[in-house]
Structure formats: C-alpha cells, structure tokens
Amino acid sequence: LYPDRLFVDHLIFSLHIQAIGFIVTGLMLPFEESASSMVLALMVQLLLTFYLAWYLYRSMRTVYKQSALRTSGKMFLLVLLYSVGAAVSTELIVRGALSYAGVS
C-alpha cells in the first residue's frame, strides 16, 4: 500500500504497532472475566479498543503523511487483511495440532 517506502521502514513500524497492540491487549486481560457482568469492565475494554484503533490511525498519518481519507481506507484494508491472515493461521495451527494429536 506504500510502495515508495523501504521494507525496513514497514518492518519497524509494524513491530511498533504489534508491541502497542500486545500492551493494550495485556491491559484488557484483567477485565476479561468480569466484562460480561460488569458494565465498567466492558467500558474499559471498549475504551482500550478504541484507543488502539485511534493510535494506529494517528501513527499511520504521522509516519506515512497522507490525507485522513486515504489513511482511513488503507487502515481499514490492513486491519481486514491482518484479521483474515490471523484467522486462517489460527485455523491451520489448530487443525495441525489436532491432526498431530490424532483427534479428527
């Protein structure tokens, strides 16, 4: 999506975003059990999720210096591709593990 940038630039940016994602997800974990019964825990999780989306948007705007509309479109596409890739990878890993364990 950004052909004018070097691979190393994308690698550094993606590692940075992954690190922030893991930190925010780690902050959400203590609220996981109580989110279904406590409104406050659910609100904290939602706020952290919106923060992560906002952070990704702002960092893409800052690093790649494009308009708000282009950044939003590219961000949507990248999140969609990342989600599909994560789902397919997880499915393959689970199927492989179950196959290895002899469970059909």
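See above for the structure.
Parameters and conventions
- The written sequence of each chain sets the order in which its residues are numbered from 1.
- Given that the model is predicted, a residue must reach a pLDDT of at least 70 before its local features are reported, and side-chain atom pairs must reach 80 or more before they are shown or counted; all residues, however, enter totals for whole chains, interfaces and linings.
- Excluding hydrogens and water, the side-chain values take into account all heavy atoms of the structure.
- Numbering of helices and strands runs from the N terminus, with a helix taken as a DSSP run of H or I at least four residues long and a strand as a DSSP run of E at least two residues long.
- Grid spacing is 1 Å over the protein atoms alone, the probe is 1.4 Å, and a cavity is where that probe fits but cannot get out, while a pocket is an open set with protein on both sides within 12 Å along at least five of seven lines and lining residues have an atom within 4 Å of a point.
- Grid points are joined across faces, edges and corners, and a volume is the space filled by probe spheres set on the points.
- Angles run from 0 to 180 degrees between N-to-C directions of axes, and those axes are lines fitted to C-alpha atoms, restricted for helices to the stretch in contact.
- With respect to orientation, any angle under 35 degrees is reported as roughly parallel, any angle over 145 as roughly antiparallel, any angle of 65 to 115 as roughly perpendicular, and every other angle as oblique.
- Each crossing gets its hand from how the near helix is turned against the far one by less than a right angle, where anticlockwise is left-handed and clockwise is right-handed.
- Contacts are assigned to residue pairs that have any heavy atoms within 4.5 Å of one another.
- Throughout this description, the term salt bridge denotes a Lys or Arg side-chain nitrogen within 4 Å of a carboxyl oxygen of Asp or Glu.
- Only protein chains enter the accessibility calculation, which uses a 1.4 Å probe; a residue whose area is less than 20% of its type maximum is buried, one above 50% is exposed, and one in between is partly exposed.
- The span you would expect from a helix comes to 1.5 Å times its residue count less one.
- To form a nonpolar core, buried Ala, Val, Leu, Ile, Met, Phe, Trp, Tyr and Cys residues must be joined to one another through side-chain atoms within 4.5 Å.
- Gly is put with the polar residues, along with every residue not named as nonpolar or charged; the nonpolar set is Ala, Val, Leu, Ile, Met, Phe, Trp, Tyr, Cys and Pro, and the charged set is Asp, Glu, Lys and Arg.

Q: For this particular structure, what's the right way to read unusual backbone geometry?
A: Note: most residues except glycine have negative phi, and most peptide bonds are trans. Even without a glycine there, the phi angle at Lys 65 is positive, about 50 degrees. Inspection of the secondary structure assignment puts Lys 65 in the loop between α2 (39–64) and α3 (68–101).

Q: How do you make sense of the layout of surface pockets when you look at a structure like this?
A: To find leftover empty space, one rolls a probe the size of a water molecule over the atoms. Estimates place the volume of the largest pocket at around 720 Å³. Considering the residues around the largest pocket, the lining is formed by 23 residues, among which Ile 17, Gln 18, Leu 56, Val 79 and Tyr 82 are closest to the centre. Of all the secondary structure elements, the ones that give two or more residues to the lining of the largest pocket are α1 (7–28), α2 and α3. Ranked by the residues each element gives to the lining of the largest pocket, the list is headed by α1, at nine residues.

Q: For this particular structure, what's the right way to read the packing of α2 against α3?
A: When two helices pack together, their arrangement is given by the angle between their axes and by how far apart the axes lie. Where α2 meets α3, the axes come as close as 10 Å, and the angle between the chain directions of the two elements is 125 degrees. Judged on the interaxial angle alone, α3 and α2 are oblique. Crossing handedness for the pair α2 and α3: right-handed. In this structure, α2 contributes Ala 53, Leu 56, Tyr 57, Met 60 and Arg 61 to the contact, and α3 contributes Ala 68, Thr 71, Ser 72, Lys 74, Met 75, Leu 78 and Val 79.

Q: Would you take a moment to explain the pattern of salt bridges for this structure?
A: For side chains of opposite charge, pairing can occur when their charged atoms come near one another. In the structure shown here, the tally under the stated rule is two salt bridges. Between Asp 9 and Arg 5 there is a salt bridge, and its shortest N-O distance comes to 3.7 Å. Given a relative accessible area of 32%, Asp 9 falls into the partly exposed group.

Q: What is the right way to look at α3 in this model?
A: Working note: α-helix, 3.6 residues per turn, so residues spaced by three or four point in the same direction. Counted at 1.5 Å a residue, the expected span for α3 with its 34 residues is 50 Å, and the 49 Å between its end C-alpha atoms agrees. Of all the residues in α3, the buried ones are Thr 71, Lys 74 and Met 75. Contacts from the buried residues of α3 go to α2.

Q: Looking at this structure, how should I read the nonpolar core?
A: For soluble globular proteins, nonpolar side chains are generally found buried alongside one another. Counting eight residues, the largest nonpolar core is built from Tyr 2, Phe 13, Ile 17, Leu 56, Tyr 57, Met 60, Tyr 64 and Met 75. For this core, the secondary-structure elements that each account for two or more residues are α1 and α2. Dropping the residues within four chain positions of it, Met 60 is found in contact with Tyr 2, Phe 13, Lys 65, Thr 71, Lys 74, Met 75 and Leu 78.

Q: How should the packing of α1 against α2 be read in this particular structure?
A: Interaxial distance between α1 and α2 falls to 10 Å at its minimum, and their mutual angle equals 165 degrees. With respect to α2, the axis of α1 lies roughly antiparallel. Once α1 is placed against α2, the crossing between them reads as right-handed. Contact residues: His 10, Phe 13, His 16, Ile 17, Ile 20, Gly 21, Val 24, Leu 27 and Met 28 in α1; Gln 45, Leu 48, Thr 49, Tyr 51, Leu 52, Tyr 55, Leu 56, Ser 59, Met 60, Val 63 and Tyr 64 in α2. Residue composition of the contact of α1 with α2, by class: 14 nonpolar, six polar and no charged.

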